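# Descriptive structure summary
Spelled out, the chains give:
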Amino acid sequence: MNDPFLLIRNTAPPPNIAKVSALADLAGSFHRGLRSYAATPLRRLDRLAAELQLASVLLKDESHRFGLNAFKGLGASFAMHHWLATHDVPVDAVFTTATDGNHGRAVAWMARQLGYRAVIFMPGHSVPARIAAIQNEGAEVVLVDDGYDAAVRLALDAADNRGWIVIQDTATDRYREVPDWIGAGYWTMARELEPAVHAPEQPEVDVVLLHAGVGTWAGAMVQYYWHHYGAARPRIVVIEPTEAACLLQSVRVGQPTPATGSLHTIMAGLNCGYPSTDAFDVLRQSVDAFIAIPDIWAERAMRRLAMAQGDDPPVFAGESGGAGVAGLMALMQDPAYAAVRDHVALGRGSRVLAWCTEGVTDPEGWQRVVGRPIPA
Ligand SMILES: Cc1ncc(COP(=O)(O)O)c(C=O)c1O
């Protein structure tokens, strides 16, 4: 059996940084102009850091971004705005995308604000709460039997066959521009940490944990770090679910390739069988390690974050949202990842940053894992 990790030596800067950085400037100004925009909080988890024998753990908490329970609104809103700024769009235009939940909700939310129709393709096994959240934004949901990757194909086909505007957060060989815009929108998350954590010369964190589905978000953060710090960047670990580790597998074989797992994981937002081709190009040589974690760590992280100890604030993280902390706990507590820990020098002196990218998007599932309903 393969190791549940891959170590990258001789890292190099990713492609496309200057272009995305310029777009990210536009995205930042656009976000600041939105009425519902506010920087999300940074939580200090000192007790968790002590338990894991680390110097500090910081958690950027996206669980309430734009009231959408996830960070995805940053990418979708800017991409849709930029599309409208660069195209003639008729008033009866239809925006479409495929989603495991969060990105589709963000597209539906923005379409409603802009006064356009949205049609969102979702895997047939999506939980009712995530489907309802998108319908509640006024969008039509189309369930697709074959899962996320088939939903992406259908959304792209709808553009070809019906002229709908696809705002998809994953790149393929024939669809590359919009995912760049979405990635540029995500830079706002990193920029909100300037100057305190992301100080001008050197970051105030040593190790950053980025979880990935298709990899667009992780790729955007990696471009940010290389752009700002070059070789002085923090060390970076990418985390995926064991059953949907398409990036780890792709980097292992040297080209975009399907995940070998079952695609059964509670981390629905990360349940992608095939990576974004552009995110693969960004991540393959520019991070220090990839790890795959089983669902048990996602569950432990959700419980640990919800039932905070000491002065740590409670954080109500969704299954995918808590994956950064889940990966950190696995790295520090499971001997299977000892080589990764050594490779990125994760230990008593380390200052660690993770993101909670999602709040509770499936209240029943959350209660099953955490053992109590979400507090009102
Ligand atoms: C909550 C959450 N976190 C992280 C991600 C990962 O983003 P990406 O698919 O760009 O890798 C997703 C994707 O849907 C998500 O929903």
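Note that the structure is predicted; figures quoted are calculated from it, not measured. (Residues numbered from 1 in each chain as written. Predicted model: local features only at pLDDT ≥ 70, side-chain atom pairs only at ≥ 80, totals over all residues. Heavy atoms only, no water.)

## Overview of the environment of Pro-41
Formally: Secondary structure follows DSSP: runs of H or I at least 4 residues long count as helices, runs of E at least 2 residues long count as strands, and numbering of each begins at the N terminus. The buried label applies to any residue whose accessible area, calculated with a 1.4 Å probe on protein chains only, is under 20% of its type's maximum; exposed applies above 50%, and partly exposed to all values in between. By the convention used here, residues are in contact when the closest approach between their heavy atoms is within 4.5 Å.
Here Pro-41 lies in the loop between helix 1 (17-32) and strand 2 (42-44). Classification of Pro-41 as partly exposed rests on a relative accessible area of 34%. Not counting residues within four places of it along the chain, the set of residues in contact with Pro-41 comprises Leu-59, Lys-60 and Asp-61.

## Considering the layout of surface pockets
The criterion, for reference: The way it works is a 1 Å grid over only the protein atoms, where trapped points that fit a 1.4 Å probe form a cavity and open points with protein on both sides within 12 Å along at least five of seven lines form a pocket, and then any residue with an atom within 4 Å of a point lines it. Grid points are joined across faces, edges and corners, and a volume is the space filled by probe spheres set on the points. Put simply, Ala, Val, Leu, Ile, Met, Phe, Trp, Tyr, Cys and Pro go in the nonpolar bin, Asp, Glu, Lys and Arg in the charged bin, and everything else, Gly too, in the polar bin. All domain edges in this entry derive from an automatic or database-based domain assignment.
The calculated volume of the largest pocket comes to roughly 430 Å³. Looking at the largest pocket, it is lined by 22 residues, and the ones nearest its centre are His-125, Thr-265, Ile-266, Ala-268 and Asn-271. Counting only elements with at least two residues in the lining of the largest pocket, the list comes to helix 6 (148-162) and helix 14 (363-370). Counting residues per element, the lining of the largest pocket draws most heavily on helix 14, which supplies 3 residues. Tallied by class, the residues present in the lining of the largest pocket amount to 7 nonpolar, 7 polar and 8 charged. Two domains share the lining of the largest pocket, each providing at least three of its residues, namely domain 1 (5-70 + 179-370) and domain 2 (73-175). Volume-wise, the second largest pocket comes out at about 270 Å³. Forming the walls of the second largest pocket are 15 residues, and the residues nearest its centre are Asn-2, Asp-3, Thr-242, Arg-252 and Thr-260. With 3 residues, helix 9 (residues 246-253) is the largest single contributor of residues to the lining of the second largest pocket.

## Details of the sheet that holds strand 4 (residues 94-98)
Quick note on the threshold: Any two strands are treated as partners once DSSP identifies two or more bridges connecting them.
If you walk across this open sheet you meet the 4 strands as 6-5-4-7, and the pairing is parallel. With partners counted over all chains shown, the strands left at the sheet margins are strand 6 (140-144) and strand 7 (165-166), one partner each. Where strand 4 and strand 7 come together, 2 bridges link them in parallel fashion. Along strand 7, the bridge assignment pairs Phe-95 with Ile-165.

## What about the site of the ligand?
Note the threshold: For this purpose, a residue is taken to be near a molecule or strand whenever a single non-hydrogen atom of the residue falls within 4 Å of it. Polar contact criterion, stated in full: a pair of N or O atoms within 3.5 Å, where within protein one must be able to donate a hydrogen and the other to accept it, and residues adjacent in sequence count only if both atoms are side-chain atoms. Here the accessible surface of atoms and residues is derived via Shrake-Rupley with a 1.4 Å probe, and residues count as covered only by protein chains that are part of the display. Being in a pocket or cavity means that more than half of the molecule's atoms lie within 2 Å of its grid points.
Within the structure, the ligand sits among 15 residues, and Lys-72, Asn-102, Gly-213, Gly-215 and Thr-357 are positioned closest to it. Between the ligand and Val-214 there is a distance of 3.1 Å, counted from an oxygen atom to a backbone nitrogen or oxygen. Taking Gly-215, its main chain carries an N or O atom lying 2.7 Å from an oxygen atom of the ligand. Protein chains shield 96% of the accessible area of the ligand, which is 390 Å² for the free molecule. When atom positions are compared with the pocket grids, the ligand is found to occupy the largest cavity. Partitioned by chemical class, the residues of the shell around the ligand number 5 nonpolar, 8 polar and 2 charged.

## Considering the pattern of salt bridges
Our working rule: Salt bridges, as used here, are contacts in which a Lys or Arg side-chain nitrogen is within 4 Å of a carboxyl oxygen on Asp or Glu.
The full count for this structure, using the stated rule, is 21 salt bridges. One salt bridge in this structure joins Lys-72 and Asp-169, with 2.9 Å as the shortest N-O distance. Residue Lys-72 is found in the loop between strand 3 (56-61) and helix 3 (73-86), and its partner Asp-169 is found in the loop between strand 7 and helix 7 (177-191); the two are separated by 97 residues along the sequence. A relative accessible area of 3% means that Asp-169 is categorised as buried.

## Brief notes about the side chain of Arg-233
Structurally, Arg-233 is set in the loop between helix 8 (216-229) and strand 9 (235-241). Looking at Arg-233, its side chain comes within polar contact range of the side chain of Thr-11, at 3.0 Å. A distance of 2.9 Å separates a polar atom in the side chain of Arg-233 from a polar atom in the side chain of Asp-288. Not counting the four nearest positions on each side in its chain, Arg-233 is found in contact with Thr-11, Pro-203, Tyr-225, Trp-226, Ser-286 and Asp-288.

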